[in-house]
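For reference, the chains in residue letters:
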Amino acid sequence: MLPKLVKRPAPSRFMVYLSPVLALFLSLLAGIVLFVIMDVSPLAALHAFFIEPISSAYGLSELAVKATPLILIGVALSLGFKAGVWNIGAEGQLIVGGLCGGAVALYFYEQEGFHILPLMMLAGIMGGMAWAGIVAFLRVKFNANEILTSLMLSYVAGLWLNLMVHGPLKDPEGFNFPESRIFSDSALLPVLHEDYRLHIGFLLALVIVGLGWILISRTLLGYQIKVSGAAPAAGEHAGFSTARIIWVTLLIGGGVAGLAGMIEVSGPIGQLLPSISPGYGFTAIIVAYVGRLHPIGALFAGLLLALTYLGGETAQILLNLPVAVTGVFQGLLLFFLLACDVLIHYRLQFNQPALAARGA
Amino acid sequence: MEILVPALLTIITAATPLLFAALGELITEKSGVLNLGVEGMMIMGAIIGFVTVHHSGSAFIAVIASMLAGGAMAGIFALLVLRFHASQVPTGLALTIFGIGLSALIGQSMIGIAYEGIPHISIPLLSSIPVLGELLFSHDLLVYFSLFMVFAVYYFLNKTRAGLILRAIGDSHDAAHAMGYSVIRVRLLATLFGGAMAGLGGAYLSLAYSPLWVEQMTAGRGWIALALVVFATWRTGRVLLGAYLFGGITILQLHAQALGIGVPSQVMSMLPYLATVVVLVLISRDLGKIKLNAPASLGKAFHASS
């Protein structure tokens, strides 16, 4: 017999943290089923996906490189989601940030100086903020749904980047390939160790985690964000401006996503390409949820989701598995997480007496 | 006329997938469920339809299979949202991420395979009327079916008792529940219908609009369909109008070059997305209109004991 769901008197703190672990476990089980269907040895596949990529120092460095944009955007989106502001266009904000940062790098092509990287960062942040600012403006001024506008603007951003690398920002000596010049050394993020690709962007992500944690747990703004999401009416009654929360969360989300885009182009990529992100902006939505909309959680969730990217690549090389498995696994993880989250507010009841069931 | 007739014909084919998906989402939303996974359901319909036609050779079976695929995706959504009380926004997003991944996985072996497209039917006599015959009476069956569905959805929502119950549940699930209607069952059916229609819209893309498989070939059409429902302020007739309007914008890029307009193709490709934003702004700023027509319980969770 199916167990019944009975509402708990208060949400279970324990389940809040157990749920992602349960979800990961269930996703692995589903992954095994998927591999059996695809006629791949589940053990070999799981090893290629989750063990092989992180069994060397180089692998760990790659993990941190991939986790950097996910952690950054995951932290920023957590703030918005907590407030009930659904910015799902971080991908577009990342692209515009990368484009603006990259344009600055190309402007200073073959020049040296310590001013270049900070200027690129500033351009990336401002670009992402501007892109998200459009969404905030349309939401506050015209009540336009931010889910749809932010997503539509992501498609526009992708096309814009494509246009730029086919046109004004194309490498003049690049045989007409849609790519920019490779950035000069002064426009590339310093790596932490010369043997690895790990760059200072990862440290920046850790700083953002810290700042996000302070913002959400130690400031009035953080409190307002939490109240606006949990009890919008109470927030308004207390005089918290909804418009201000929308502006602030979207600008933070856009700015940080823009920074992540700048870090991608001046770190692992080193130039502008027609595509600068394998969907980090969308995966960061999963990061935010798996991380329980908490900055520290986003740190761990960012590393986990980065592993799915890395594992997908490894499995492709070792087992000839399609890269698309990564997307399936990410989707499954979010499904199972959302399903497990029911146990935060409800508990399972087996063999309940007939009378109690009717009363419930 | 040489330019106009083919242009109008492409508008119709570009509008049809949007029309299917938006009609489905209209019913889903009217029952109070906001399923943001339209893009994921559409792309699954597209790949399952394409795989099925490749293996069975039958467009009819392919269309049925794509509807089942969309419906199955909607079933996952319904299970999470209606049974496990998961919140609707992230669940819909998960459905889209999952659908894009799974369709790419299934479509691995389908890349580069061509299909001649579902057959067009020329209605005898009528189709030989100059201009009008070509415009009105020589489409594939799905175009006629999409127009029939506009009528069917309108009739169901406004003229039947079941449609009234569905709308009542969408407006106030607590009141409808108190009156003895099964909120969960109606929402399940409405969600499944939305999924099947989104799957059908996806199949139209991979079987008729551009009969081949490309990863992420829906290219945001699922999201545009969601925007169309808002644009239509939840009214059936305006869904039709919106779909054809967006069909027109989508094909502008195809005909701009023929007309010698010197705008980069990327800018033309931006138009449907920008138009969606503009349209959302124009409609949404009139809060009264939205409140008057939007299902009052849209997106809210329902639990019988609460």
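Preceding block: the structure.
Residues numbered from 1 in each chain as written. Chains lettered and ligands numbered in written order. Predicted model: local features only at pLDDT ≥ 70, side-chain atom pairs only at ≥ 80, totals over all residues. Heavy atoms only, no water.

Enquirer: Can you explain helix H7 (residues 201-218) of chain A? Please cite residues and give values.
Expert: All names here are of chain A. The terminal C-alpha atoms of H7 lie 25 Å apart, and with 18 residues this matches the ideal 26 Å at 1.5 Å per residue to within 8%. Within the sequence span of H7, burial applies to Gly201, Phe202, Ala205, Ile208, Val209, Gly212, Leu215 and Ile216. Mapping the buried residues of H7 onto a view down its axis gives an arc of 135 degrees, with all of them on the same face. Residues of H7 that are buried make contact with helix H3 (57-82), helix H8 (220-230), helix H10 (242-269) and helix H12 (295-319). (Helix = DSSP H or I, 4+ residues; strand = E, 2+ residues; numbered from the N terminus. Expected span 1.5 Å × (residues − 1). Buried < 20%, exposed > 50% of the residue type's maximum accessible area, 1.4 Å probe, protein only. Arc of directions from axis to C-beta. Contact = heavy atoms within 4.5 Å.)

Enquirer: Outline the environment of B:Thr233, supporting the account with residue identities and numerical values.
Expert: Residues and elements named next belong to chain B. Positionally, Thr233 belongs in the loop between helix H10 (221-231) and helix H11 (236-258). A relative accessible area of 0% places Thr233 in the buried class. Excluding anything up to four places from it in sequence, Thr233 contacts Arg238, Ile283, Lys289 and Asn293.

Enquirer: Which residues make up the interface of chain A and chain B, and what values do they have?
Expert: Counting from both sides, the interface comprises 41 residues of chain A and, opposite them, 44 residues of chain B. Taken together, both faces of the contact between chain A and chain B bury some 3800 Å²; the carbon and sulfur share is 83%. Considering only the side of chain A, the residues that lose the most area to chain B are A:Leu148, A:Met152 and A:Phe335, jointly responsible for 18% of the buried surface there. Linking chain A to chain B there are three residue pairs in polar contact (both at pLDDT 80 or more). Breaking the side of chain A that touches chain B down by element, the ones donating at least two residues are helix H5 (116-142), helix H6 (146-166), helix H11 (280-290) and helix H13 (325-340) of chain A. Per element, the largest residue contribution to the side of chain A that touches chain B is twelve residues, and it comes from H6(A). Residues of the side of chain A that touches chain B, tallied by class, amount to 35 nonpolar, six polar and no charged. (Buried area = accessible area lost by both parts, 1.4 Å probe. Polar contact = N/O pair within 3.5 Å; in protein donor to acceptor, adjacent residues only side chain to side chain. Nonpolar A, V, L, I, M, F, W, Y, C, P; charged D, E, K, R; others polar.)

Take it as geometry only, folks, not as evidence of what the structure does.
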